[in-house]
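One-letter residues, chain by chain:
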Amino acid sequence: GENVEQHPSTLSVQEGDSAVIKCTYSDSASNYFPWYKQELGKGPQLIIDIRSNVGEKKDQRIAVTLNKTAKHFSLHITETQPEDSAVYFCAAVGNAGNMLTFGGGTRLMVKP
Amino acid sequence: KAGVTQTPRYLIKTRGQQVTLSCSPISGHRSVSWYQQTPGQGLQFLFEYFSETQRNKGNFPGRFSGRQFSNSRSEMNVSTLELGDSALYLCASSLGSEQYFGPGTRLTVT
């Protein structure tokens, strides 16, 4: 089955700096790659996603890139703010319905 | 539009008991998936229901089961609870590929 690896597990940045989180996946059939943000006491919130026929997608301060050949995708957050502090999860979905396979998560801390 | 709702939010049970958790998806969403979240294992897929049929199942023992009703609401059941079943159980609903999660049910087994 699919296996998703996520790095780093923790990331500390100064407010205003950029943050990059990287994920690799194993199943070449995976075709949809969402990113979730989870704050304490809440469920994961979908923040951005990318499909396998697209190389990059942006939404204001966040962007995601996908390299299908290398089977890795990354989340980029620019001009980080304290409210960006949370745990971020990458995930991959293959051809079997909507089953999300998650990475292990990255705890992002943005210091004011 | 209302989000995904899960009840109850918190639950404490004793080993050997059984528990039923409920999920109401976003209006119009026909797919409901369940995930278990623990510090050690992270987020793991339990099962997915679409139009009252189980479409996918994760690698969990048969003590974990679910069902979906005609109004797309879903329930999951865990029988013969073990200490290791303590976790946050998350429900996600979707119309297409995008899955939206509820706040979860925190289950503690003592």
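This text goes with the structure placed above it.
What counts and how
- Counting starts from 1 at the beginning of each chain's written sequence and moves along it residue by residue.
- All chains are assigned letters beginning at A, and all ligands numbers beginning at 1, according to the order in which they are written.
- Only residues with pLDDT of at least 70 are given local features in this predicted model, and only at 80 or more are side-chain atom pairs given and counted; all residues enter the totals for whole chains, interfaces and linings.
- Calculation of side-chain values draws on the structure's entire complement of heavy atoms; hydrogens and water are dropped beforehand.
- Should DSSP find at least two bridges between two strands, the strands are regarded as paired.
- Counting from the N terminus, the helices are DSSP H or I runs at least four residues long and the strands are E runs at least two residues long.
- In this analysis, axes come from line fits to C-alpha atoms, helices being fitted only over the stretch in contact, and the angle between any two N-to-C directions falls in the range 0 to 180 degrees.
- Note on terminology: disulfide denotes any pair of cysteine sulfur atoms within 2.5 Å.
- Note on exposure labels: buried denotes an accessible area under 20% of the residue type's maximum, exposed denotes more than 50%, and partly exposed covers the range between, all computed with a 1.4 Å probe on protein chains only.

Engineer: Mind showing me how you'd approach the sheet that holds strand S3 (residues 19–24) of chain B here?
Structural biologist: Strands belonging to one sheet form pairs held by backbone hydrogen bonds; the direction of such a pair is parallel or antiparallel. All names here are of chain B. Here 4 strands make up an open sheet; going across it, the order is S1-S3-S8-S7 and the pairing antiparallel. Two strands lie at the open edges of the sheet, namely strand S1 (5–7) and strand S7 (64–68), each paired on one side alone. Going from strand to strand, the sheet's axes swing by 20 degrees on average, the running direction of each strand aside. Here S1 pairs with S3 via 3 bridges, running antiparallel. Residue Thr7 lies in a different strand from S3, and its bridge partner there is Ser22.

Engineer: How should I be thinking about the state of the cysteines in this particular structure?
Structural biologist: Two cysteines, two sulfur atoms, one covalent bond between them: this is a disulfide. A complete count under the given rule lists 2 disulfides over all chains for this structure. Across the disulfide, Cys23 of chain A is cross-linked to Cys90 of chain A (sulfur-sulfur distance 1.9 Å). Its S-S torsion of approximately -100 degrees makes the covalent link between Cys23 of chain A and Cys90 of chain A left-handed. Pair noted here: Cys23 of chain A is in strand S3 (residues 19–25) and Cys90 of chain A is in strand S9 (residues 86–93), with a separation of 67 residues, a long-range link. Each member of the pair, Cys23 of chain A as well as Cys90 of chain A, carries the same accessibility label: buried. Between Cys23 of chain B and Cys91 of chain B runs a disulfide, and the two sulfur atoms are separated by 1.7 Å. The chirality of the disulfide connecting Cys23 of chain B with Cys91 of chain B is left-handed, given an S-S dihedral of about -50 degrees. With Cys23 of chain B in strand S3 and Cys91 of chain B in strand S9 (residues 87–94), this pair connects stretches of sequence that are 68 residues apart.

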